[in-house]
Amino acid sequence: MVVLLTLPFVLLLPAVVNAANDWNTPCHTGECSYDLHNSTRSGSVRASMTISGSTSAIADLTPAAGWQILDCNATGGAQDIRAVCTGSDNDCSHLYQNGAIGTVVRLPDDCGNMPFARIAAEWTHDNQTLPADIASNLSRRADPPTVRGITIDTQWHKVDPNHHGQVNMFVQGATGNQTLPAVTTRELHERGLLSSIGHAISTVASSVSQALQALSFNVDKSSTTSLSVNKPFTLLEKTKSCPASGNTPARQVGLTVDVNAKAQAEINYGVVASGSIVPPKVNDFGIFADFDAQIDGTLDLDAFAIVSIDSGKLMIFQVGLPGLDFPGILTIGPSFQVTAQAVAKVQADLKMTVDLAYNINGAKLYFPPSHGSSTGTFSPADTHLALSANPSVSATGTLQANVIPAVLFGINALDGLAEVDVELDLDAYAELDLTLVDSHGSGFTGCADVKTGFTVSAAANGSFLNLFSKSTVVSLYNKSFTLFQKCFGNSRRRGHPRSLLGSSLTRTIEARDDPTCGGSFGNTTAMTAITSETVPASSIH
């Protein structure tokens, strides 16, 4: 019942802010819109922004308003340009209402990399020459127009809001090809739905959550961004040649941890932000991610050493994703990456292979969490485990390895006023805990525990104004699974394995980065299988 009551308002929110970018109509009414998917700056993300203020606060430097830009770097930011009025004096004079300095202007697509800029300075340019075609069109005028020099930039903090008044802004965008209704705030006002243009923006600004959810529930699955990685990588490799000693022959000791980072994912994302560019302020911000994923990685351990080592977090793979970019106002630069880390503190002669296999279906993230409930279906897949050890060598210690596919959203608002990264992690890990002692040829004595786990969460790497901070975390899933747990002889299990990341072990194994030649590692007794099985997903709990 709640959905039915709120749905009409939710459906109106995209219409409020997704005004068509009409290059034939000048921005002279105190409102202006810019649509990425209607411009040559278009990418794979459709986005729209609307600004609203007094009629003197917002102006237009496009041909629709009578202006022709003569010299402008199409890909540059802050710069000096030349412009001339080729339209009517009435159209061009709008720029000078209450003075041109501090006015927010819409720029044509071939001038600057930003859709809107502030006028920092304006003067009669020393260079009054005109291109031949423009000069010919203006030749019949009694008074030739004056070429103006204009400095444009996005230093919004330098605009005095007491001069032209506040300029509000609302931005929304999402991946996909869905087309949102092109209805302006003024049209809604004319229909009697809103009391004023200013109220339109302020109403939307207080309803970012509804707008974000409206976007997320209308995701165009036909143009989903597909991600794939299949990359073998060595996390740890420490070896040492040991000379012969007494009855112990020369041998190679060491530790190798390999991962095959294999994952596929499909993701759509969207963003909604409200606030003002004069003065520069973000009142509210939200991002959503709609995703499915399959993780099918493998961890291989080969240990024949006494060693204590941490690989640190290593980058395995990284690629950029389609971004949303209104330079100087809001930029979202997403990327997909895979990192991995292994921490080992072992004294053992053993081998292990274990799958890191999980499925994610219909997951939806809202960040920060105040904008919606994040949900999804998360489950382990069939998992192969093979573990073998030398029964003539005591095997003790712990290993933890993590493979972490992640989507990072780099956020820059209002020309650097606020910058932060929001990271969505899909952390698949395995833990091995051993206390197998030398049984002098009578088989294993001790315990072996193998667990895997999966954590899906999103967090920021810092503060974003007063909207969220580093402590803001959205947890979608966090669970560990017992793959194998067995004690041999008269041994008793000691409890759960300890997490190694960010902690210290109470093991008596001396901390060392390099393998040692000591111990009983001259024994070449054949490996004995402890287990080799594929655990069905239905049995993993």
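None of these values were measured; they are calculated from a predicted model. (Residues numbered from 1 in each chain as written. Predicted model: local features only at pLDDT ≥ 70, side-chain atom pairs only at ≥ 80, totals over all residues. Heavy atoms only, no water.)

Visitor: Run through the side chain of Asn402, naming residues and quoting values.
Guide: Looking at where Asn402 falls in the secondary structure, it is placed in strand β18 (residues 395–413). By relative accessible area, which is 4% here, Asn402 ends up buried. Here the side chain of Asn402 touches Gln400 through a polar contact of 3.3 Å, side chain to side chain. Within polar-contact distance, the side chain of Asn402 engages the side chain of Asp427 at 3.0 Å. (Helix = DSSP H or I, 4+ residues; strand = E, 2+ residues; numbered from the N terminus. Buried < 20%, exposed > 50% of the residue type's maximum accessible area, 1.4 Å probe, protein only. Polar contact = N/O pair within 3.5 Å; in protein donor to acceptor, adjacent residues only side chain to side chain.)

Visitor: Tell me about the pattern of salt bridges, and please be specific about residues and values.
Guide: What the rule picks out here adds up to seven salt bridges. When the shortest N-O distance is used, the salt bridge between Asp60 and Arg106 registers 2.8 Å. Of this pair, Asp60 sits in strand β3 (residues 58–60) while Arg106 sits in strand β6 (residues 104–106), and the two are 46 residues apart along the sequence. Residue Asp60 is classed as buried on the basis of its relative accessible area, which comes to 1%. On the accessibility criterion, Arg106 (1% relative accessible area) is buried. In this structure, Asp296 and Lys262 form a salt bridge, with 4.0 Å as the shortest nitrogen-oxygen distance. Of this pair, Asp296 sits in strand β12 (residues 280–310) while Lys262 sits in strand β11 (residues 251–278), and the two are 34 residues apart along the sequence. For Lys262, a relative accessible area of 29% gives the class partly exposed. (Salt bridge = Lys/Arg side-chain N within 4 Å of Asp/Glu carboxyl O.)

Visitor: Break down the environment of Cys32 for me, citing the residues and quoting the values.
Guide: As for its position among the elements, Cys32 is in strand β1 (residues 31–35). C-alpha of Cys32 to C-alpha of Asp22: the two residues are ten residues apart in sequence and 9.1 Å apart in space. Leave out the neighbours within four places in its chain, and Cys32 touches Cys27, Met49, Thr50, Ile51, Ile58, Arg106 and Phe116. (Contact = heavy atoms within 4.5 Å.)

Visitor: I'd like to hear about the state of the cysteines, residue by residue, with values.
Guide: Overall, the coordinates contain four disulfides when judged by the stated rule. Note that Cys27 is cross-linked by a disulfide to Cys32, the S-S spacing being 1.9 Å. Measuring the twist about the S-S bond at about 50°, one finds the Cys27-Cys32 disulfide to be right-handed. Grouping residues by exposure puts Cys27 and Cys32 together as buried. Note on cysteine connectivity: Cys85 is disulfide-linked to Cys92, with sulfurs 2.0 Å apart. Taking the sign of the S-S torsion, about 90° here, the bridge from Cys85 to Cys92 comes out right-handed. Cys85 sits in the buried class, given a relative accessible area of 8%. Classification of Cys92 as buried rests on a relative accessible area of 4%. (Disulfide = S-S within 2.5 Å.)

Visitor: Which residues make up the sheet that holds strand β4 (residues 67–71), and what values go with them?
Guide: Pairing is mixed across the open sheet formed by six strands, whose spatial order is β3-β6-β7-β8-β5-β4. Every other strand in the sheet has two partners, leaving β3 and β4 as the edge strands with one partner each. With strand direction ignored, the average angle separating the axes of adjacent strands in the sheet is 45°. Pairing analysis gives six bridges linking strand β7 (residues 116–124) to strand β8 (residues 148–153), with the strands arranged antiparallel. From the neighbouring strand, Ala121 faces β8, where its bridge partner is Thr151. (Pairing = 2+ DSSP bridges. Axes fitted to C-alpha atoms, helices over the stretch in contact; angles between N-to-C directions.)

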